[in-house]
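Working through the structure, step by step
Chain by chain, the residues run as shown.
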Amino acid sequence: MAATSTGIHHRSYTSELRLRATKAEYFRLGLMTVLLLVLPFVLDNYWLSIANTIMIAVIGAVGLNILVGYTGQISLGQGGFMAVGAYSSAILSDRIGLPTPLAILLAVLLTAAVGVFFGLPGLRLKGLYLAIATLASQVIIEFLVRRDYGDFLTEGLGYLNVDRFEFLGFKIGGRDVFEQQWYWILMILAVLAVVSARNIFRTGLGRSFMAVRDQDIAAEAIGVNLTRAKLTAFAVSSAFVGLAGSLTAHYSEVVSWEKFTLDVSILYLAMIIVGGLGSVAGAVYGAIFMTLLPELIRRLANALESTLPFLGDQLPAVRNATFGAIIIAFLIFEPRGLDRIWQRMKDYFRFWPFRY
Amino acid sequence: MLTRAYQHSLRGSHLPAGQPLLEVDNVSLRFGGVKALSDISITVTEGDVHAIIGPNGAGKSSLLNCISGLYHPQEGEIRLRTAVAAGPEAAVGEAEDSGRPTGEVRTHTLTKLPPYKIARLGVARSFQNIELFAHMTVLENLMLGRHIHMKKSVLASMLWFGPARNQEIEHRHLVEEVIDLLQLQAVRNKPVGALAYGIQKRVELGRALCLQPALLLLDEPMAGMNAEEKEDMARYILDVHELAHVSVVLIEHDMNVVMDISDRVSVLDFGRLIADGTPDEVKADPAVIEAYLGAEEESDRG
Ligand SMILES: Nc1ncnc2c1ncn2[C@@H]1O[C@H](COP(=O)(O)OP(=O)(O)O)[C@@H](O)[C@H]1O
Ligand SMILES: [Mg+2]
């Protein structure tokens, strides 16, 4: 795509298949890298904790976009799938005693399997009906972890305490370095998640997902096994989401059902809608935007406290209303999200000062 | 065009020319009370352009849908014959059949298979109402035509470097030959949704060709086109047939278009097969003249 609009002429398919071709693209990549490397040294612990939350959200949103944006299978089960990742890796590492990375890996695989199971209705249902079916998966998982029959999950406590992350003699330190050390772990995992998702969609596997989304009858007629493609999409997506869930557990060091309610599913859907459906970059923008938004609203409310005191009192309501307004605004004015807005800005500056 | 050296054969069948490739055997298809197909038997021969003509509603698309597995006839059977490739030809996309004696002929009953398995046997098609992947580029649509020949390992895809990238490049070579054959160079990186109707039809033909089909099914590839575009499309279909030696089943309601480019013509009317033969035989058939040409001449005069 960039190849045609920038006047770059590739001499081999290898060079054409690169994600970046222009100097500007390499420059932005360099800038991003520097930013990611410098952040932990310039941010205080409070903002680092927000950065860490964003990294986890990026992994979850990229995962959800694989399913919803790229494969066209709407899902309201995000919170439930994150719960599977969180509970299973907490139990595997703390109660069973597996090394934490291994516990996380198993939790990811388990979430993928659970995703496939709850993806089965997707073989028959589309659109709104599938939304309801995945809503059922959310409700079922939420119900199970909340009731915790036989106290299997939390041993009667109602929540799970998770030990400080530790691996091969390395242990995350105390208050002063906690956020910074987690930043490195989460940032690297988020980058890996983004890069691997990006890779999926420049190969045949990713194209088969998009084919299912665009035209499922034609997809079958060119040899795509719809059952397999959809279930693979559920598995891959849920694996990312499970990773986000288990990281939530180990980073926040406590697992409780309140963190994985339907609100979470809707928040993540909002991220990919605002960021851009069917775009990995969009999922990243959406995760950043929707994680920062409550913070901005809170600060704004504080600043306006003296003139508009009710804003502070009604903060949760104001926040929800703003969330809703923003989602609706994006659906109406830019359904392709922040990703599209960013593309347009790039185009504008590429041709600057000429207006096309 | 004829001088251009393509490295890949687009033909997926290894049957000797002249042998029966597809056998439609007493097929009947009903929708509730509507009999879309009544007891149809047609044999498509390897190497032919086989036209299926008939007025609108005659059951042509229904027959095609039965062959590609989208519809399931209540009665009858449709069989495809495939042969194991001999020598170097076996290299591309023949993994499933490897290890068996070359030349061995197998018969597959299509009426028992889901559409994607029929595609994997080498039956590729286009649709009467274009069914492209609208949000993807021409290139991506054509690469999807390679789907059955590609490995789809999740881990290799996530890694990109190594097998995934090599595979993309390897298949890109064949796709570029199809782009060249159908002269789609200028629109290679355009999203198909934004292209003109005639070009979309060509992309759909291209996507089917990228399968390296044993049998190419085209449902009214020239419908909705002006005379010039029709001529172009007929030219492309002939190129596909002559350069790539792909056997083609061509559906068309306009009889004049197909008579020149077909080796054999079957005529459907109200779900029944009323004639089957060479273009000259069919043209002379009184039943065809009455049911089809008569109607057309009337409408021409009117
Ligand atoms: N999916 C379907 N459901 C119900 N009736 C159908 C369906 N497909 C085709 N038919 C009927 O079968 C008959 C043949 O249609 P079709 O195969 O599309 O004809 P043609 O392609 O020759 O114009 C028509 O009467 C049509 O209404
Ligand atoms: Mg038709």
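See the structure above.
Let me begin by describing the structure that accompanies this report. Since we're looking at a predicted model, the values are computed, not measured.

1. Some words on the overall build of chain A
- Counting its secondary structure elements, chain A contains 16 helices and four strands.
- Relative to its length of 356 residues, chain A is compact, with a C-alpha radius of gyration of 21 Å against a globular reference of 21 Å.
- Projected onto its principal axes, the C-alpha coordinates of chain A cover approximately 65 × 60 × 45 Å.
- In chain A, which comprises 356 residues, the share counted as buried stands at 50%.
- Sequence separation of at least 24 residues holds for 74% of the intrachain contacts in chain A that already meet a minimum separation of 6.
- Computing the positive centroid from 29 side-chain charges and the negative centroid from 24, chain A places the two 12 Å apart.

2. Considering the coordination of the magnesium ion (ligand 2)
- Distances from the magnesium ion (ligand 2) to its protein donors, namely Ser-61 of chain B (OG) and Gln-128 of chain B (OE1), fall within the range 2.0 to 2.1 Å. On the criterion of sequence distance, the pair formed by Ser-61 of chain B in helix H1 (residues 60–67) and Gln-128 of chain B in the loop between strand S6 (123–125) and helix H3 (138–144) is long-range, its members being 67 residues apart.

3. Some remarks on the sheet that holds strand S2 (residues 34–45) of chain B
Residue and element names in this part refer to chain B.
- In spatial order, the strands read S2-S1-S4-S5; together these four strands make up an open sheet with antiparallel pairing. The strands lining the two open edges of the sheet, one partner per strand, are S2 and strand S5 (105–109). The average undirected angle you get between the axes of adjacent strands in this sheet is 20 degrees.
- For strand S1 (residues 20–31) and S2, the ladder comprises eight bridges, and the chain directions are antiparallel. Residue pairing for S2: Glu-23 is matched across the bridge by Thr-43.

4. A word on the side chain of Ser-38 of chain B
Residue and element names in this part refer to chain B.
- Relative to the assigned elements, Ser-38 resides in strand S2.
- Relative accessible area serves as the criterion here: at 16%, Ser-38 is assigned to the buried category.
- Residues in contact with Ser-38, not counting those within four places in the same chain, are Val-27, Ser-28, Gly-271 and Arg-272.

5. Overview of the environment of Ala-227 of chain B
- Within the secondary structure, Ala-227 of chain B sits in helix H7 (residues 227–244).
- Between the alpha carbons of Ala-227 of chain B and Ile-52 of chain B there is a distance of 20 Å; along the sequence they are 175 residues apart.

6. Overview of the pattern of salt bridges
Residue and element names in this part refer to chain B.
- The final tally for this structure, using the stated rule, is 21 salt bridges over all chains.
- Notably, a salt bridge pairs Glu-220 with Lys-60, separated by 3.9 Å at the nearest N-O pair. Remark: Lys-60 occurs in helix H1 and Glu-220 occurs in the loop between strand S7 (215–219) and H7; sequence separation between them is 160 residues. Here Glu-220 matches Lys-60 in class, with each residue buried.
- Between Glu-176 and Arg-188 there is a salt bridge, and its shortest N-O distance comes to 2.8 Å. Of this pair, Glu-176 sits in helix H5 (residues 163–181) while Arg-188 sits in the loop between H5 and helix H6 (197–210), and the two are 12 residues apart along the sequence.

7. What about the interface of chain A and chain B?
- At the interface, 31 residues of chain A touch 37 residues of chain B.
- Together chain A and chain B conceal approximately 3,300 Å² of surface at their shared face, both sides included; 66% is due to carbon and sulfur atoms.
- Our count for the chain A to chain B interface comes out at two salt bridges.
- The partner of Glu-168 of chain B in a salt bridge is Arg-207 of chain A, with the nearest N and O atoms 3.1 Å apart.

8. A few points about a nonpolar patch on the surface
- On the surface, a cluster of nonpolar side chains totalling about 480 Å² of accessible area is made up of Val-34, Leu-37, Val-38, Phe-41 and Val-42 of chain A.
- The exposed category is assigned to Phe-41 of chain A, whose relative accessible area is 60%.

9. Notes on the sheet that holds strand S8 (residues 247–252) of chain B
Residues and elements named next belong to chain B.
- The strand order S6-S7-S8-S3-S9-S10 describes an open sheet built from six strands, whose pairing is mixed. The strands lining the two open edges of the sheet, one partner per strand, are S6 and strand S10 (272–277). Looking at each pair of strands side by side, their axes are set apart by 20 degrees on average, direction ignored.
- Taken together, the three bridges between S6 and S7 define a ladder with parallel strand orientation. Each bridged residue has a counterpart across the sheet, and for Val-123 the counterpart in S7 is Leu-215.
- In this fold H6 packs onto S6 and S7, with an angle of close to 160 degrees to the strand it touches most, S7.

10. Things to note about the site of ligand 1
All names here are of chain B.
- As a structural note, the neighbourhood of ligand 1 is formed by Phe-31, Val-34, Ala-36, Pro-55, Asn-56, Gly-57, Ala-58, Gly-59, Lys-60, Ser-61, Ser-62 and Tyr-71.
- In the environment of ligand 1, an oxygen atom lies 3.0 Å from a nitrogen or oxygen atom belonging to the backbone of Gly-59.
- Considered on its own, ligand 1 offers 550 Å² of accessible surface; in the complex 63% of this is hidden by protein.
- Counting residues per element, the ones that place at least two in the shell around ligand 1 are S2 and H1.
- Looking at the shell around ligand 1 element by element, the count peaks at three residues for H1.
- Tallied by class, residues from the shell around ligand 1 come to six nonpolar, five polar and one charged.

11. Description of the packing of helix H5 (residues 78–95) of chain A against helix H11 (residues 226–252) of chain A
Residue and element names in this part refer to chain A.
- Contact pair H5 / H11: the axes reach a minimum separation of 7 Å and the direction vectors enclose 55 degrees. Accordingly, the angle class assigned to the pair H5 and H11 is oblique. For the crossing formed where H5 meets H11, the hand is right-handed. Of H11, the residues touching H5 (which contributes Gln-78, Phe-81, Met-82, Gly-85, Ala-86, Ser-89, Ala-90 and Ser-93) are Ser-238, Val-241, Gly-242, Ala-244, Gly-245, Ser-246, Thr-248, Ala-249 and His-250.
- Across the contact of H5 with H11, the residue classes break down as seven nonpolar, 10 polar and no charged.

Calculation notes
- Residues numbered from 1 in each chain as written.
- Chains lettered and ligands numbered in written order.
- Predicted model: local features only at pLDDT ≥ 70, side-chain atom pairs only at ≥ 80, totals over all residues.
- Heavy atoms only, no water.
- Helix = DSSP H or I, 4+ residues; strand = E, 2+ residues; numbered from the N terminus.
- Rg over C-alpha atoms; globule rule 2.2 N^0.38 Å.
- Buried < 20%, exposed > 50% of the residue type's maximum accessible area, 1.4 Å probe, protein only.
- Contact = heavy atoms within 4.5 Å.
- Lys, Arg positive; Asp, Glu negative; His and termini not counted.
- Charge placed at Lys NZ, Arg CZ, Asp CG, Glu CD.
- Donors = N, O, S within 2.8 Å, 3.2 Å for Na, K, Ca; no water.
- Pairing = 2+ DSSP bridges.
- Axes fitted to C-alpha atoms, helices over the stretch in contact; angles between N-to-C directions.
- Salt bridge = Lys/Arg side-chain N within 4 Å of Asp/Glu carboxyl O.
- Buried area = accessible area lost by both parts, 1.4 Å probe.
- Patch = residues over 30% accessible without salt bridge, like charges linked within 9 Å, V, L, I, M, F, W, Y side chains within 5 Å.
- Areas by Shrake-Rupley, 256 points an atom, 1.4 Å probe, with all protein chains shown as cover.
- Near = heavy atom within 4 Å.
- Polar contact = N/O pair within 3.5 Å; in protein donor to acceptor, adjacent residues only side chain to side chain.
- Nonpolar A, V, L, I, M, F, W, Y, C, P; charged D, E, K, R; others polar.
- Parallel < 35°, antiparallel > 145°, perpendicular 65-115°, else oblique.
- Left-handed = near helix turned anticlockwise from the far one by under 90°.

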